[in-house]
2 protein chains.
Amino acid sequence: MASPVEFWFEFASTYSYPTSQRIADEAKRVGRNVLWRPFLLGPIFKQQGWNDSPFNLYPAKGAYMYRDLERLCRNHDLPWRKPSSFPRNGLLAARVACAALNEPWMPEFARRVYRANFAHDENISKPDVILACLTGVAPDPEAALAAGADAKVCLRKHTERAVELGIFGAPSFLVNGELFWGDDRLAAALAWH
Amino acid sequence: MASPVEFWFEFASTYSYPTSQRIADEAKRVGRNVLWRPFLLGPIFKQQGWNDSPFNLYPAKGAYMYRDLERLCRNHDLPWRKPSSFPRNGLLAARVACAALNEPWMPEFARRVYRANFAHDENISKPDVILACLTGVAPDPEAALAAGADAKVCLRKHTERAVELGIFGAPSFLVNGELFWGDDRLAAALAWH
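Calculation criteria
- Residues numbered from 1 in each chain as written.
- Chains lettered and ligands numbered in written order.
- Predicted model: local features only at pLDDT ≥ 70, side-chain atom pairs only at ≥ 80, totals over all residues.
- Least-squares fit on C-alpha atoms with pLDDT ≥ 70 in both.
- Contact = placed C-beta atoms within 7 Å.
- Helix = DSSP H or I, 4+ residues; strand = E, 2+ residues; numbered from the N terminus.
- Nonpolar A, V, L, I, M, F, W, Y, C, P; charged D, E, K, R; others polar.
- Buried ≥ 20, exposed ≤ 12 C-beta atoms within 10 Å, placed from the backbone.
- Pairing = 2+ DSSP bridges.
- Axes fitted to C-alpha atoms, helices over the stretch in contact; angles between N-to-C directions.

**Student:** Kindly report on the relation of the copies chain A and chain B, identifying the contributing residues and their values.
**Tutor:** Relating one copy of the chain to the other requires a rotation about an axis plus a shift along that axis. You can overlay chain A on chain B at an RMSD of 0.0 Å; the transform is a turn of 180° with a shift of 0.0 Å along its axis. Classification of the inter-copy transformation places it as that of a two-fold axis. Of every C-alpha in chain A, the one belonging to D184(A) sits nearest the axis of rotation, 3.6 Å from it. A symmetric contact is evident, with 100% of the interface residues of chain A recurring at the interface of chain B.

**Student:** Hey, could you go over the interface of chain A and chain B for me, with residue numbers and the actual values?
**Tutor:** Listed per partner, the contact involves 11 residues of chain A and 11 residues of chain B. Elements with a minimum of two residues in the side of chain A that touches chain B: α4 (59–75) and β4 (178–181) of chain A. In terms of residues, the side of chain A that touches chain B owes the most to one element, α4(A), which gives 4 residues. For the side of chain A that touches chain B, the residue count by class is 7 nonpolar, 2 polar and 2 charged.

**Student:** Pulling in residues and values, what's your account of unusual backbone geometry?
**Tutor:** Following A170(A), the chain continues to P171(A) via a peptide bond in cis, the omega torsion being 0°. Assignment of secondary structure puts P171(A) in the loop between α9 (152–164) and β3 (172–175). If you check the backbone angles, N176(A) has positive phi at about 50° while not being a glycine. Among the residues examined, N176(A) registers 10 C-beta atoms within 10 Å and is labelled exposed. Phi at D77(B) is positive, roughly 60°, even though this residue is not glycine. Mapped onto the elements, D77(B) comes out in the loop between α4 (59–75) and α5 (91–99). Residue classification places D77(B) among the exposed residues on the basis of 8 C-beta atoms within 10 Å.

**Student:** Go over the sheet that holds β3(A) with me, naming the residues and quoting the values.
**Tutor:** Residue and element names in this part refer to chain A. The sheet built from 4 strands is open, its strands ordered β2-β1-β3-β4 with mixed pairing. Only two strands of the sheet have a single partner each, and these edge strands are β2 (34–38) and β4. Averaged over all neighbouring strand pairs, the angle between strand axes comes to 20°, with direction disregarded. Across 4 bridges, β3 lies against β4 in antiparallel orientation. If you follow L174 over to β4, its bridge partner there is L179.

Okay, here's the thing in structure tokens:
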């Protein structure tokens, strides 16, 4: 089997949404496993001097991104609703994902969180929204949510590792030590040997 | 014939280089004309508070861009040499292109300037480099170079128009009022109706 692709994602990231919905299927098609790697962009943006998403700091870029996402989601047949608040704090969701890193249901949980944020305009920083994303997915949703509280160190380590890898945005992909950035690089990442 | 695609380019822009070398052929294949639209990113970056290329301001992004360009150019079978100075001042080249906006040889001149910058590591801010790019392309290279000096207003208007269109980076494409940004959106722009 070809080497796995590491999928580095941040739950607040708009462009990570279409990637999250299709990476498992597309990787399977080329015989690759996906290693899901939640991290936080906030601390990385802060190191660059940004206290907000660049899509808010640079309005022309932000306006373009929303239109681009509409087009992308239409092309991929994915529902899209512009979130009424952006960026939403993905800390809780990322910790829950970190705590469930080795659970077979984690990717489905992550896909649901992305749909909550970008298809249903739900506030993913709220425990009840995260609990709803876990329900029917994790065997014990309450326990999975509670486990997130203990995953601070894991998430911090992921974010530190992202910086070491030269990651500056999401989604990013790592294949055989090669870094790719952006939803539009998914195919190139999956084809890398 | 399908409506034309406006190709908004800045000579300092790394990602505009692979676009510049193939847009004419790819547009022809789908029966579209290309309208070449030189502009300057510097004033737009300044409005965003940047006094340098974001690839210099944000080193992780810059390091990734150089690697990504290597891969892209290999995929498109284009020569690539990391420029020893970046970004190079494309003001003179952009003025010459503006002055030659309606000349059939302008696209070939522009392609040569990009190759000078990103395949041959030449300093495109120098008149002799621009003259070499005009030689064998423009019927009267000296006159074409001199005409650039009178194209200040044209270039300023292009840059103002770019801002009005919501352009914040290069390459950008405009098709039927729809904006696309990035070399990786060329195919989407050419397919837009």
